[in-house]
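# Structure assessment
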Amino acid sequence: MTEVTETTEATVVTGNSNDPHLQPASVHPKRTEKVVAAFIVLAAAGFATYGATYWQGGSAQLQGASLGIGLVLLGIALAAWGKYLLPRGPFMEARHPMRSSDEERARMANAVIERGRLVMHRRGFLGKLLAAAGAIMGIVVAFPVIRSLGPLPKKSLDSTDWLPGSYLVTAQGLRVKASDVEVGGIVTVFPVGHVGNAMDQTVLIHASAVPFTTMPGRESWTPEGYVAYSKVCTHLGCPVGLYQHQTQQLLCPCHQSVFNILDGAEPQFGPAPRPLPQLPLYIDTAGYLRSQSGYDQPVGPGFWERS
Amino acid sequence: MSDDLAASADLTTGGDRTPASASVVDRLLGWADDRLGIAKGSELLDKIFPDHWSFLLGEIALYSFVVLVLTGIYLTLYFVPSTKDVIYHGPYLPLKGKAVSEAYASTLKISFQVRSGLVIRQMHHWAADVFVGSIAVHMMRIFFTGAFRKPREINWLVGVTLLMLAIVNGFLGYSLPYDLVSGAGLRIMYSIVLSIPLVGSYLAFFLFGGSFPGNGVIEPQMFIMHVLILPLVIIALIAVHLGLLVKQKHTQFPGHGATEDNVVGSPLYPVFLAKTLGLFLIVTGILWALGGLVQINPIWQFGPYRPYKVTYAVQPDWYMGWLDGALRIMPSWEATFLGHTIPLEVLLPAVVFPGLTFTLFYAWPFIEAKFTGDRASHNLADLPRHRPKRTAVGAAGVALYFMLFAASSTDVMANFFKVPLNTVLWTFRITVIAVPVAVGLLTYQICRELSAIPVSREPKRPVVILRTEEGGYVMEETPIRPGDGPGEIAPVAVPTRVGIE
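The rules behind each value
- Residues numbered from 1 in each chain as written.
- Chains lettered and ligands numbered in written order.
- Predicted model: local features only at pLDDT ≥ 70, side-chain atom pairs only at ≥ 80, totals over all residues.
- Heavy atoms only, no water.
- Helix = DSSP H or I, 4+ residues; strand = E, 2+ residues; numbered from the N terminus.
- Rg over C-alpha atoms; globule rule 2.2 N^0.38 Å.
- Contact = heavy atoms within 4.5 Å.
- Areas by Shrake-Rupley, 256 points an atom, 1.4 Å probe, with all protein chains shown as cover.
- Salt bridge = Lys/Arg side-chain N within 4 Å of Asp/Glu carboxyl O.
- Polar contact = N/O pair within 3.5 Å; in protein donor to acceptor, adjacent residues only side chain to side chain.
- Disulfide = S-S within 2.5 Å.
- Buried < 20%, exposed > 50% of the residue type's maximum accessible area, 1.4 Å probe, protein only.
- Axes fitted to C-alpha atoms, helices over the stretch in contact; angles between N-to-C directions.
- Parallel < 35°, antiparallel > 145°, perpendicular 65-115°, else oblique.
- Left-handed = near helix turned anticlockwise from the far one by under 90°.
- pLDDT = per-residue confidence, 0-100.
- Patch = residues over 30% accessible without salt bridge, like charges linked within 9 Å, V, L, I, M, F, W, Y side chains within 5 Å.
- Lys, Arg positive; Asp, Glu negative; His and termini not counted.
- Charge placed at Lys NZ, Arg CZ, Asp CG, Glu CD.
- Pairing = 2+ DSSP bridges.

When helices and strands are tallied, chain A shows 5 helices and 11 strands. In terms of C-alpha radius of gyration, chain A reaches 37 Å, well past the compact-globule figure of 19 Å for 307 residues. Taking the principal axes of the C-alpha coordinates as reference, chain A spans close to 105 × 80 × 40 Å. Within chain A, counting contacts between residues at least 6 apart in sequence, those at least 24 apart form 56% of the total. Total accessible area computed for chain A in this model is approximately 16,300 Å², and 62% of it derives from carbon and sulfur atoms.

What follows deals with the interface of chain A and chain B. On the chain B side, the residues contacting the 86 residues of chain A number 102 residues. Between chain A and chain B we count 1 salt bridge in total. The interface formed by chain A and chain B holds 29 residue pairs in polar contact (both at pLDDT 80 or more) in total. Elements supplying a minimum of two residues to the side of chain A that touches chain B: helix H2 (29–56), helix H3 (60–85), strand S1 (91–94) and strand S3 (186–191) of chain A.

In this section: the state of the cysteines. Residue and element names in this part refer to chain A. Tallied over the entire structure, the rule returns 1 disulfide over all chains. Two residues, Cys238 and Cys254, share a disulfide whose sulfurs are 2.1 Å apart. Around the S-S axis, the bridge from Cys238 to Cys254 shows a dihedral of about -90° and counts as left-handed. Linking Cys238 in the loop between strand S5 (226–230) and strand S6 (242–244) with Cys254 in the loop between strand S7 (249–251) and strand S8 (258–260), this pair joins segments that are 16 residues apart in sequence. On the basis of relative accessible area, Cys238 is assigned to the buried category, the value being 1%.

Residues and elements named next belong to chain B. Applying the stated criterion across every chain, the model contains 12 salt bridges over all chains. Between Arg390 and Asp382 there is a salt bridge, and its shortest N-O distance comes to 3.0 Å. One connected set of salt bridges, linked through shared partners, spans Arg149, Glu368, Asp382, Arg387 and Arg390.

All names here are of chain B. Across the interface, helix H13 (residues 344–372) lies against helix H14 (residues 388–407) with an axial gap of 14 Å and an inter-helix angle of 165°. In terms of axis orientation, H13 runs roughly antiparallel to H14. Every pair of crossing elements has a handedness; the one defined by H13 and H14 is left-handed. Side by side, H13 and H14 meet where Phe353, Thr357, Phe361, Trp364 and Glu368 of the first sit next to Arg390, Val393, Leu400, Tyr401 and Leu404 of the second.

All names here are of chain B. Chain-level pLDDT for chain B is 90 on average; 92% of the residues reach the 70-or-more range. Looking across chain B, the model is least confident in helix H1 (residues 2–12), with a mean pLDDT of 45, and most confident in helix H5 (residues 117–144), with 98. Ignoring residues within four places in sequence, the model shows residues 1–18, a span with pLDDT below 50, making 33 contacts including any to other chains.

So, on to the side chain of A:Arg274. Relative to the assigned elements, A:Arg274 resides in the loop between strand S9 (266–269) and strand S10 (281–283). Within the local environment of A:Arg274, its side chain forms a polar contact with the backbone oxygen of A:Gly300, the two atoms lying 3.4 Å apart. Every residue in contact with A:Arg274, bar those within four places of it in the chain, is listed here: A:Thr234, A:Phe259, A:Pro267, A:Gly300, A:Pro301, A:Gly302, A:Arg306 and B:Glu334.

What follows is about a positive patch on the surface. A cluster of basic residues, A:Arg105, B:Lys150, B:Lys370 and B:Arg375, forms a positive patch on the protein surface. Residue placement: B:Lys370 occurs in helix H13.

Our next topic: the sheet that holds S3(A). Residues and elements named next belong to chain A. Strand order across the open sheet formed by 4 strands is S2-S3-S4-S5, with antiparallel pairing between neighbours. With one partner strand each, in any of the chains shown, strand S2 (168–170) and S5 form the two edges of the open sheet. Direction aside, the axes of adjacent strands within the sheet are offset by 40° on average. Bridge analysis of S2 against S3 gives 3 bridges, and the strand direction is antiparallel. Each residue of the ladder has a partner; that of Leu168, found in S3, is Pro191.

Close contact between helix H4 (residues 102–112) of chain B and H5(B) brings their axes to 5 Å; oriented N to C, the two are set at 115°. Judged by residue contacts, B:Thr107, B:Ile110 and B:Ser111 of H4(B) engage B:Gly117, B:Leu118 and B:Arg121 from H5(B).

See below:
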């Protein structure tokens, strides 16, 4: 084998047509040829079927099957042509190490290092200036690339649009009255003027027919058995949308955190680290549900500036 | 084949026909060579591709990417990257008259009004799943056979980067239709970015153009990222990946005349070209058929994204499953540090863990070289059994990511098997550690035992077992029959002239 390896580079190797390497891999080339021919014909039929299906506005299924089968059959035909009807080989080529000769390496190293020294020789100060200017350029170029993409967070993550006296309105924009929700009912509400806002979303639950308290100090927050929590999961911000009246639990469908609505939405299960913030409610003289104030803490998942 | 091969053969040897008698192909090649000197590079036609099946995994990835580019360009002709609400007036009745985003409405239009649009949209989605999948399996092949070793470490780094970019771009594309499921995915991604200490809230605001959902979610930064910037980077890296492959040549398995100093297989032209074009058509055909026959991401069933709406079984595409699983089984460990919040329950599984994963991927060739002290160049691939430690680590890794992937459907499993969610969760918390350890130890043992068995490189021949008169048994090899094929022959250089009339 070594002789061939050494001679392949420069000389012409002429194959003999009786050479077993040039014979097809197929034992019965004629039969293989017929099979390949049949596949090509069927592939063409598949293409034509797709054309007709498209023309007639046929189903996606028929479109997928016809053109898909056509392409696969043509692919098999072509691959079989290459695998069974073309020279079976095996063929080989020589491989050369990536490493260059010692002389070439020495020449490269000399060129880079010595000419490099020529550049920096007695010009260290210029080099430092260049590095400093380059660093400044690198920093300022990042301004338009990164800083322009969006606004600064400032304090926007710390508070929501809930204000003292905000009416609770539904996703349809209707103000919620204390008589609107039956016991066991749940409504997604927003502060008036901010319907659909991702951070303001709040669940209003008529948890109980009798008054109850979620935590000491929150006695006045749950008028007539109504309780409201931020709907933004404290894990990753998904809407905590599933309410089970029997167990009085709220479930986040994204990562299955479970919150108990009777004790201040303390997480009972799953990866959520904190209770859902509770919105203090009151019922005004006209019977509308309103917020006593905003949330007493940032809503949603944790972040560095959250204290 | 004969005309073309003879013509190109003539060209490489200088040619001895007069221009008048030369074939059209010969004259065309001459025309191009006069202007570009292409004959000087024609040994590329002789480039040898090893014939082992496992070498087509990377090709599948390449061809899925070609399909992604072609179908992706088609989709951009119809897709509107905008979260602005419009009233839907299309043929899908359940949403008629409802407010949906332009992105969502245009995706519905592609699905229901553009002829073949649904097939092409689903084909694009399937191609993305197959793209990442074939990269992952291709990477396993490279890993388990040691093909990442010197001199190919650089190409390993390029490949790992391609895997990462494929996952990122897959996630971006999945998010573009702005349906209820992908919108929840974006919400989660925003919160993951938010969890990064010190810079998280700034990064989240810059990437999303403000507090979630922001205005940069789909229009226009994410869209341009998905259809222009990342594809260009991927194309450039694929060019480097293949360029290095040509320069360094393939690895190959030992035996059948393969040595450290040669490559044995089929030449690029015409044998490999026929086979690989066939593979391209097969991959395209299967993806097209999947696009037409197997529904994927039916966004009309999910509905348009509303930040306050959510649905059951929110799951990402398969290649994000390991991250979702890690998030699900992570305990709720939020930490505080000097008055700052560090959401470890998000940071560890969704930032630190993938960061470590890719750092380990990048560093593996160098870690292994350090441990084995092996600084030599290798062109012959390892059989996995002969490297029990590497194989065990790899198998344990595959098991770990598979377990995390499975953990991304804890809720579905709890419902399906009618067991409490808590039981499923704790089962995963334990097995996600225990299974990889067990798989690693078992793999190590199997490799040790397998490698003790000598590997025969001879082709197998059928045998006949005969019973002797004394009641004993003897085994006789059958003679070679006409249909048995020519048997093993030694590899030769690709002939420049083949002498076919």
